[in-house]
Amino acid sequence: MLRAFNAVLAIACLGLTATIGHIPDAHAQSTSAKPATPPSAGRAAQQIIAMTNRERTQRGLKPLSVDGRCVSAISGHVADMAKGGFLSHSGSDGRGPNERYRKYAPSSLGSGENLAYNAHGTGESFMRQWMNSSVHRGNILNPRYRAIGVAVRANCTAADKGRKCTYYAGQCFSL
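Residues numbered from 1 in each chain as written. Predicted model: local features only at pLDDT ≥ 70, side-chain atom pairs only at ≥ 80, totals over all residues. Heavy atoms only, no water.

**Side note on the overall build of the chain**
Counting its secondary structure elements, the chain contains 5 helices and 9 strands. For the chain, the α and β elements follow one another from N to C terminus as β-β-β-β-β-α-β-α-α-β-α-α-β-β. For the chain, buried positions account for 53% of its 175 residues. Long-range pairs, those at least 24 residues apart, make up 72% of the contacts in the chain with a sequence separation of at least 6. Per element, the accessible surface of the chain, about 8,400 Å² overall, is 52% carbon and sulfur. (Helix = DSSP H or I, 4+ residues; strand = E, 2+ residues; numbered from the N terminus. Buried < 20%, exposed > 50% of the residue type's maximum accessible area, 1.4 Å probe, protein only. Contact = heavy atoms within 4.5 Å. Areas by Shrake-Rupley, 256 points an atom, 1.4 Å probe, with all protein chains shown as cover.)

**Comments concerning the pairing of strand 7 (residues 111–118)**
With 8 of 8 residues buried, strand 7 lies mostly within the body of the structure. Residues S111, E113, L115 and Y117 point to one face of strand 7 and G112, N114, A116 and N118 to the other, with burial holding for every one of them. Two elements, strand 7 and strand 9 (residues 162–174), share 8 bridges in a ladder whose sense is antiparallel. Among the inter-strand pairings, S111 is bridged to a residue of strand 9, identified as S174. (Pairing = 2+ DSSP bridges.)

**Quick word on the side chain of H77**
Residue placement: H77 occurs in helix 2 (residues 68–84). Of note is the side chain of H77, whose polar atom sits 3.4 Å from the side chain of R100. With sequence-adjacent residues up to four places away left out, H77 is seen in contact with S88, H89, S90, G91, R100, E113 and L115. (Polar contact = N/O pair within 3.5 Å; in protein donor to acceptor, adjacent residues only side chain to side chain.)

**What to know about the packing of helix 1 (residues 41–58) against helix 4 (residues 123–131)**
Here helix 1 crosses helix 4 at 40°, and the two axes come no closer than 8 Å. Here helix 1 lies oblique to helix 4, going by the angle between them. The interaxial crossing formed by helix 1 with helix 4 has right-handed handedness. Along the contact surface, helix 1 presents A44, Q47, I48, M51, T52 and E55, while helix 4 presents G123, E124, F126, M127, W130 and M131. Each residue belonging to the contact of helix 1 with helix 4 can be placed in one class, and the counts come to 7 nonpolar, 3 polar and 2 charged. (Axes fitted to C-alpha atoms, helices over the stretch in contact; angles between N-to-C directions. Parallel < 35°, antiparallel > 145°, perpendicular 65-115°, else oblique. Left-handed = near helix turned anticlockwise from the far one by under 90°. Nonpolar A, V, L, I, M, F, W, Y, C, P; charged D, E, K, R; others polar.)

**What about the side chain of N114?**
Locating N114 in the fold gives a position in strand 7. In this structure the side chain of N114 is engaged in a polar contact, spanning 3.3 Å, whose partner is the backbone oxygen of H136. A distance of 2.8 Å separates a polar atom in the side chain of N114 from a polar atom in the side chain of N139.

The following block contains the structure:
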């Protein structure tokens, strides 16, 4: 059963802000289907990194390098959300963004996180959602961040007229 639900979340884990925004053209499925890594997930993640760096350099900011620790932290969380069919900065284990990142970078000074889901699953669709939200855009353009990790996963179910997927994406930013 599909339930229309428009949402996207952003958090600056440095204690700056946490907010919920509403973005058109998103939907959630009430299912606990296994998360899938769609064939385009790697391409979408690479698009997100490239588009994030393009947004930053167009504004005179340094591009972000890929942080394997961020990739690990966000990958597990995005898979958890896709499997459970939810969107939240708290994982099914109750851990938040800083706790997830500090698992891989114990001496971290902080991190940031953007999350979104939609029916398209492209890097461009996720970036459009984030850049249209002041809090998400603030994370993307935060000059304190030096590195990024990105993950994309899908929650797909059989529907009357074919397979339906909800795509989940996350960005982890590190100092």
